[in-house]
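A structural walkthrough
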Amino acid sequence: MATYEYDEGGVMAAYFLITILALILVPMTLTSFKTTSEKVGEGCDCGACSEHRKALKKEEGGLLPKISRRGYFLLGGWSLFVFVCWRVSGMKIENAIYNPFEILEIKTNTPDKEIKAHFKKLSKLYHPDKVKPTAELTIEAIQDRFVQLTKAYKALTDEKIKENWIKYNHPDGPQSTTMGIALPSWIVAGKNNIWVLGAYGLIFGGALPALVGRWWFGSRQKTKDGVHAQSASTFFKSIREESTMEEVVAALGKAYKWDLPPQAAKVTKSPELDDLESQISTKLGSKWAEIKKLTRGYDDSIDASRLKGLVLLHAHLHRIPVKDSSLRKQQKEILLQTPVLLNALLNASISRNWLFPTVHIMRLNAHLAQALPTNAAEREYLLQLPSISTEDLEKIAPEAKTMTDLLHALETKNDSRASDVKRAIQKWGKVEIVDAAFKVIGERVITPSSIIYLHVKLRLSPPGTKATEPKDLTVDETKKLVQRTDELDEAFLVSRNEAEELPGSPEATSAHAPYWPGTRKPSWWVVLADDKTNRVVVPPLKIGEIPYAGTGSDKDRDYRSYKIQFQGPPNTGLFTWKVYLVSDTFVGEEVTRDIALKIEDPPQVEEADEDEISDPDEDSLAGQMAAMRGGSVKKRVEAESDDESGTDDDEDEKDSDSDSDSD
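Residues numbered from 1 in each chain as written. Predicted model: local features only at pLDDT ≥ 70, side-chain atom pairs only at ≥ 80, totals over all residues. Heavy atoms only, no water.

Heads up, the condition is: UniProt positions are given in the numbering used here, feature names are shortened, and annotations may be inferred rather than shown by experiment.
Naming follows an unreviewed UniProt entry, where the protein appears as J domain-containing protein of Panaeolus cyanescens. For the record of the protein, the UniProt heading Subcellular location (unreviewed entry) holds the text "Endoplasmic reticulum membrane".

Okay, structure coming up:
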């Protein structure tokens, strides 16, 4: 029969608590480290970006660092973990198993003679008369240790006791099973039954099912893109094959009914919100009335959360300042969540292979980053530069069409903003396609259904950057350069990386985006599409860390290679497609290049014609077998020598002479 022992000292319960805390805290801490944002270096050093970075640092690192609820939970959990460990380190274990072999520090199979010799040795070392007491080792401790040694020795010198120790781990032989419970006895005491059962019912009957249910239904409401399932459904219903930029914004606004941040989701009346709506209505005119219709629900009533989100979104696009601190904070949360929503919207468009809405969604990312309206005029993309307004464009540079034209006009008039604009232009994300081609590993001809790589080489060439003059190379140097380039390209294609690893890979730096409420890391999409049929051929590839022209350790290779893998068409022919390169940060910086894919049949191996195969010789084994089957064989032609021919002539002459004599 088993007996139960409760943990009166609380040692086992403490170990149980330490184990549970470790199982919870360690994974949560590791995932917290993994989800930390990537460190982005300082890129644009214009005045607007410098002030923006200072404001962000001041907001993020005030007197007290901002800690989320997850952070507070981890802080409290690890504090409890350390406290329990400290308490356990000072506890005395009362239920330790008495083992004479461990006390004498010998093995269970040690002979009696060696046990006696070992005990004598220990007696000389630990006898109370031989050990001097110290501050840490008192007389009582010395005497207690010697008593334990003597007791263990006497237990092992008795044959019966020693045998019981070896077989049953107890001096009195087999004992009843003892089970330890990591609970103090007061928990199971009769007078505390009601409280204990109530606590168990509350935890396992209420809190745990609620927690699991919240996790289960919460995970089902979210898609893999991190948006609400209703938002994803709305995206699929709202996007059309010919959707314009305004329709994309409208589809984004419909998701605000389910995907607004918690603070922004609280709908409260605000006079400033009404004033912002009035200013937006003045700028957009009748278009705002059409946008406002999209905020209506199934009951034809305006959804307040959608309207609030669209008002704050358009206030950012038109650079209308928000004075109320609460609204400004909500606007920031909405803007920081838009990349997630736009990514889900982009996936909805890509799933149908629609080109136009896909490109519009990509462009909307840049408009939000630079706070430019979607209906901005061609020259208004110059408003991305620091401290430049619409009035400045009309007064200072009415004829300027490019950034370099505007910079030249500012320098001509000795405007103080020229240096600031120049610094922004020097770090501008203007992409140049060095080369774009289709390649198949190990093949020169692209055959149907083969695995094809779209290989593009890119670099950043800010406005006004002078192209590097090619070096005058000899024929041998040119051959070596071409061979080296081919080897590096081949090595990159066979690798698993989508971006080429360079010795001096460019560091992720912040882009010029002073209106974006956070640090902006520039990225680009590479899209292979057929613009004639409005179809995306291959899902887009998002890339970053493109090097600037003329930088890096290898001056002959100041670009970076990227690749997209796809399966070629199953039929032969010439396919004329287009490569799009769209920025998610800079408005108007979009590059396209026409590219042709030629699919050919695999080259055939030439086989010899059966008619051209010569017949076997008559005297050969093959010829004899062919003759037996009735086939044709080559007759043997014997060469006649001069001697043989002379002999035949002589014989003929003799025959003629004999004939004449007889006549």
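**Focus: the side chain of Lys-563**
The condition that has to hold: Going along the chain from the N terminus, every DSSP run of H or I of four or more residues is numbered as a helix, and every run of E of two or more is numbered as a strand. Think of it in three bands: residues with accessible area under 20% of the maximum for their type are buried, residues over 50% are exposed, and the middle band is partly exposed, with areas taken using a 1.4 Å probe on protein chains only. Positive charges are assigned to Lys and Arg, negative charges to Asp and Glu, while His and the chain termini are left out of the count. A pair is scored as a salt bridge if a Lys or Arg side-chain nitrogen falls within 4 Å of a carboxyl oxygen belonging to Asp or Glu. Whenever two N or O atoms come within 3.5 Å, that pair is a polar contact, provided that in protein one can donate a hydrogen and the other can accept it, and provided that, for residues adjacent in sequence, both atoms are side-chain atoms. For this analysis, residues touch if any pair of their heavy atoms sits within 4.5 Å.
The topology assignment puts Lys-563 in strand β7 (residues 560–567). We note that Lys-563 is buried and unpaired, the nearest opposite charge coming from Glu-498 at a distance of 8.5 Å. Only 3.0 Å separates the side chain of Lys-563 from the backbone oxygen of Leu-493, close enough to count as a polar contact. Within the structure, the side chain of Lys-563 is placed 2.5 Å from the backbone oxygen of Ser-495, a separation counted as a polar contact. Excluding anything up to four places from it in sequence, Lys-563 contacts Tyr-453, Leu-454, Phe-492, Leu-493, Ser-495, Arg-496, Asn-497, Glu-498 and Leu-541.

**What about the sheet that holds strand β4 (residues 451–460)?**
Basically, it comes down to this: Note on pairing: DSSP must find at least two bridges between two strands before they are called paired. As a rule, the C-alpha atoms of each element are fitted with a line to give its axis, helices using only the stretch in contact, and angles between N-to-C directions run from 0 to 180 degrees.
Read from one edge to the other, the open sheet built from three strands follows the order β3-β4-β7, with strand pairing classed as antiparallel. Of all strands in the sheet, those with a lone pairing partner are β3 (431–439) and β7, marking the two edges. Strand-to-strand twist in this sheet, taken as the mean axis angle between neighbours without regard to direction, amounts to 20°. On top of the sheet, helix α20 (residues 475–494) reaches β3, β4 and β7; it is set at about 120° to β4, its chief contact.

**Notes on the side chain of Thr-485**
Mapped onto the fold, Thr-485 is located in helix α20. Within the structure, Thr-485 has its side chain in polar contact with the backbone oxygen of Leu-481 (distance 2.8 Å). Apart from the residues within four sequence positions on either side, Thr-485 is in contact with Lys-457, Arg-557 and Tyr-559.

**A word on the packing of helix α10 (residues 245–254) against helix α15 (residues 325–350)**
Convention followed: Any angle that falls under 35 degrees is termed roughly parallel, while one over 145 is termed roughly antiparallel, one within 65 to 115 roughly perpendicular, and all others oblique. Crossing chirality is assigned from the near helix's rotation relative to the far helix, an anticlockwise turn below a right angle marking it left-handed and a clockwise turn marking it right-handed. Under this grouping Gly is polar, as are all residues other than the nonpolar Ala, Val, Leu, Ile, Met, Phe, Trp, Tyr, Cys and Pro and the charged Asp, Glu, Lys and Arg.
Direction vectors running N to C along α10 and α15 enclose 115°, while the axes themselves pass 10 Å from each other. What the angle tells us is that α10 and α15 run roughly perpendicular. Judged by the sense of rotation from one axis to the other, the crossing of α10 with α15 is right-handed. Of α15, the residues touching α10 (which contributes Val-248, Ala-251 and Leu-252) are Thr-338, Leu-341, Leu-342 and Leu-345. Across the contact of α10 with α15, the residue classes break down as six nonpolar, one polar and no charged.

**Regarding the confidence of the model for the protein**
Low-pLDDT stretches of the model should not have their predicted coordinates read in fine detail. Condition: By definition, pLDDT measures how confident the predictor is in each residue, and it falls between 0 and 100.
Looking at the protein as a whole, the pLDDT averages 80, with 78% of positions reaching at least 70. Under a pLDDT of 50 for its full length, residues 639–663 has, in the predicted model, zero contacts with residues more than four places off or in other chains.

**A word on the environment of Arg-423**
Residue position: Arg-423 is located in helix α19 (residues 418–426). In this structure Arg-423 comes out as partly exposed when scored by relative accessible area, which is 30%. Here the alpha-carbon distance between Arg-423 and Cys-44, two residues 379 residues apart in the chain, equals 7.2 Å. If sequence neighbours within four positions are ignored, Arg-423 has contacts with Asp-45, Cys-46 and Gly-47.

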